Amino acid sequence: MSLILETRGLSRIFSLPRAGFGKERAVRRAVVDVNLKVEEGARLGIVGESGSGKTTLAKLLLGLDTPSEGEVRFRGQAIPLADMHSFRRQVQVVFQDPRSSLNPRMQVGDIVREPLECLNVTENHDTRIIEVITEVGLPKDLVQRFPHELSGGQRQRVAIARALAPRPKVLIADEPVSALDVLVRDEILSLLADLTTNLGLTLILISHDLSVVARLCDDVVVMQHGTAVEKGKTMDVFRAPRHEFTKRLITAVPRLPGTK
Amino acid sequence: MLLEVRNLTVRFGSKTVVDGVSFDLEASSRLGIIGESGSGKTLTTLAIIGLLPETAKVSGSVTFEGQELLGLADRDFSAIRGNRIGMVFQEPLTALNPLMRVGKQIAQPLRNHQGVTLKEGLKRAMELCARVGLPDPDRIIRSYPHQLSGGQRQRIGLAIALACSPALLIADEPTTALDVTVQKEVLSLMNSLVAEEGSSLIFVSHDLPVVASITERVAVMQNGEIVELASVNSMFQDASHEYSRKLIQAARTSDAEFGHFTESPSA
């Protein structure tokens, strides 16, 4: 197994607006000294509450934001790489709410085509679009529809298809099922599990929901106030949490009555 | 019977969004309403408290404390809402008035319904803040909503809803916008406050484990209809409708997965 993504002393500090005339700018330390090593083929979950820095971390990993300190390395090279197109072909993302992440004015086929064109993918685009649409379990004739004509689950499948179109090695999913209904959530999680296995993807899954991470991820990082307070094998961390915050997170998950 | 809902139907134009919903709620009892988005859960509760938009056509009957609520004049409804029926909504930041200090907002139902003065209202607001577990009530009542955290705001929402000791509390996804650790605190707070007040509770959620943790009975809604209504226990043992079975199965899978990770196999 080789290292595919790595962060070294990664920090992102935002300076906030002045609280008043002549006052100092406050800073928000969204990500503080995070050191991660992600092996190829790993399935890593990042959990934490809102405001813990999960999404900022995802943006840094995607090269969509610049670290204040430290660096992100992709296959040993610091990003931004000289060839960002190559990086983006290999590292793709699925966001939380497909209603806002899909362009409402574009047909599904064109949405999936966009990364193929923008990132200069050399294979036949039409063939690839049909291939990837089928791969995420959608019927082919959906390519001519618009996002508003689809259900929430179908829309998220389109977002996944778009991410998979350039054949990425790493898929970063930021709360991919939080906006979905329970039964649909189940389907999308199964789809993600199957896809990562079949395509040998490296998955980085960000979620506030520990049961989602338990289901999909072998490794987990727990974030609190921008810091990675605990990391390890999901099973070890969930069974024997060492950090106080991890313990609180785990006991707060609502459980079903009489099912132990 | 505290609340009797009979054949409640809500239409927007030709679209039926709540379709012949009937259920009873006794005093001091609790009902969960569960279903996916668009199933009509929220519209059912809005129809009960008369907050549907004017374009909605409502039929059927809603009897609360012996009084028919459907078709009630706005002025008469205002005497009930916030007084005999308290409401907590999903997103406390939009439910609270961003321009008014929260103390005044908590005092509002008391001033409207019990005719107390602002000064007395603010004093009661401070007591209510303490009851919903907000530290430093003195400072809290002078805060604006944006100065508080999500959990604190939802506690304020609860304080407003419970200010007049309502016979019925309607909570619509009250913890969906909150982090799990905060959700747990707010649920247990709601649980004990409703018990202390002896209020009835209608708890709307898409989250089965959450509903099961706070209510005795569950109504499962799909496409505007209640497809099953049973006690939490019997629902889990033997759900009769296919959709309820699917919901329970999904919850079980997720729960088992989580249990598999958190509990050692020998235990």
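Draft legend 1. Seen up close, the interface of chain B and chain A. Counting from both sides, the interface comprises 30 residues of chain B and, opposite them, 27 residues of chain A. Together chain B and chain A conceal approximately 2,900 Å² of surface at their shared face, both sides included; 62% is due to carbon and sulfur atoms. Sorting the residues of chain B by area buried against chain A places Asp255, Phe258 and Phe261 of chain B first, and these three jointly supply 25% of that buried surface. The interface formed by chain B and chain A includes 1 salt bridge. The partner of arginine 255 of chain A in a salt bridge is aspartate 255 of chain B, with the nearest N and O atoms 2.5 Å apart. Between the two partners, chain B and chain A, sit 7 residue pairs in polar contact (both at pLDDT 80 or more). Of all the secondary-structure elements, those providing two or more residues to the side of chain B that touches chain A are α8 (180–197), α9 (208–214), α10 (232–237) and α11 (242–262) of chain B. Element by element, the count of residues in the side of chain B that touches chain A is highest for α11 of chain B, at 14 residues. Residues that form the side of chain B that touches chain A fall into these classes: 13 nonpolar, 9 polar and 8 charged.

Draft legend 2. Expanded view of the sheet that holds strand β5 (residues 77–78) of chain A. Residue and element names in this part refer to chain A. Here we have 4 strands laid out as an open sheet, ordered β2-β1-β4-β5, and antiparallel in their pairing. For this open sheet the edge positions go to β2 (27–39) and β5, each flanked by a neighbour on one side alone. Pairing of strand β4 (residues 69–74) with β5, which is carried by 2 bridges, proceeds in the antiparallel orientation. Each residue of the ladder has a partner; that of arginine 73, found in β5, is alanine 78. Against the sheet, helix α1 (residues 54–61) engages β1 (3–15), β2 and β4, with an angle of about 125 degrees to β1.

Draft legend 3. Quick peek at the pattern of salt bridges. This structure, assessed with the given rule, holds 28 salt bridges over all chains. One salt-bridge network, held together by shared partners, links Glu6, Arg8, Lys37, Glu71 and Arg73 of chain A.

Draft legend 4. Spatial organisation of helix α10 (residues 244–252) of chain A. Residues and elements named next belong to chain A. Those residues of α10 that fall on the buried side of the exposure criterion are Phe245, Thr246, Leu249, Ile250 and Ala252. Taken around the axis of α10, the buried residues stretch over an arc of 165 degrees, which confines them to a single face. Opposite the buried face of α10, by more than 90 degrees, sit the exposed residues Glu244 and Thr251.

Draft legend 5. Local environment of unusual backbone geometry. Residues and elements named next belong to chain A. Of the consecutive residues isoleucine 79 and proline 80, the connecting peptide bond is found in the cis state with omega at 5 degrees. Along the chain, the position of proline 80 falls in the loop between β5 and α2 (84–90). Within the chain, glutamate 175 stands out as a residue other than glycine whose phi angle is a positive 50 degrees. Checked against the element boundaries, glutamate 175 lands in the loop between β7 (170–174) and α7 (182–199).

Draft legend 6. Looking closely at the nonpolar core. In this structure, Val112, Ile160, Leu205 and Phe238 of chain A are the most contacted members of the largest nonpolar core, which totals 57 residues. With residues up to four places along the chain from it excluded, the contact list for valine 112 of chain A reads Ile129, Val132, Ile133, Val158, Ala161, Arg162 and Ala165 of chain A.

Draft legend 7. Quick look at the confidence of the model for chain B. Scored by pLDDT, chain B comes out at a mean of 92, with 99% of its residues at no less than 70. Complex prediction metrics read pTM 0.84 and ipTM 0.75.

So, how was this worked out
Here the residue index of a chain counts from 1 through its sequence in written order. Chains carry letters from A onward and ligands carry numbers from 1 onward, assigned in written order. Where totals are concerned, whole chains, interfaces and linings use all residues; where local detail is concerned, this predicted model gives features only for residues with pLDDT of at least 70, and gives and counts side-chain atom pairs only at 80 or more. Water and hydrogen atoms were dropped before computing side-chain values, which therefore reflect all heavy atoms in the structure. Contacts are assigned to residue pairs with any non-hydrogen atoms lying within 4.5 Å of each other. Accessible surface is computed with a 1.4 Å probe, and the buried area is the amount of it that two parts give up when combined, taken over both parts together. Note on definitions: salt bridges are taken to be side-chain nitrogens of Lys or Arg within 4 Å of carboxyl oxygens of Asp or Glu. Two N or O atoms form a polar contact when they lie within 3.5 Å of each other; inside protein one atom must be a possible hydrogen donor and the other a possible acceptor, and for residues adjacent in sequence the pair counts only when both atoms belong to side chains. By the criteria applied, helices consist of DSSP H or I runs no shorter than four residues and strands consist of E runs no shorter than two, each listed in order from the N terminus. Think of it as three bins: nonpolar holds Ala, Val, Leu, Ile, Met, Phe, Trp, Tyr, Cys and Pro, charged holds Asp, Glu, Lys and Arg, and polar takes everything else, Gly as well. In this analysis, strands are considered paired if DSSP registers two or more bridges between them. Under this scheme, a helix contributes an axis fitted over its contacting stretch, all axes are lines through C-alpha atoms, and angles between N-to-C directions fall in the 0 to 180 degree range. For every residue, the accessible area obtained with a 1.4 Å probe (protein chains only) is divided by the maximum for its type, and the residue is called buried under 20%, exposed over 50%, and partly exposed between those limits. What the arc measures is the spread of directions leading from the helix axis to the C-beta atoms. Put simply, buried Ala, Val, Leu, Ile, Met, Phe, Trp, Tyr and Cys residues joined by side-chain atoms within 4.5 Å make one nonpolar core. Per residue, pLDDT measures the predictor's confidence, with a range of 0 to 100.

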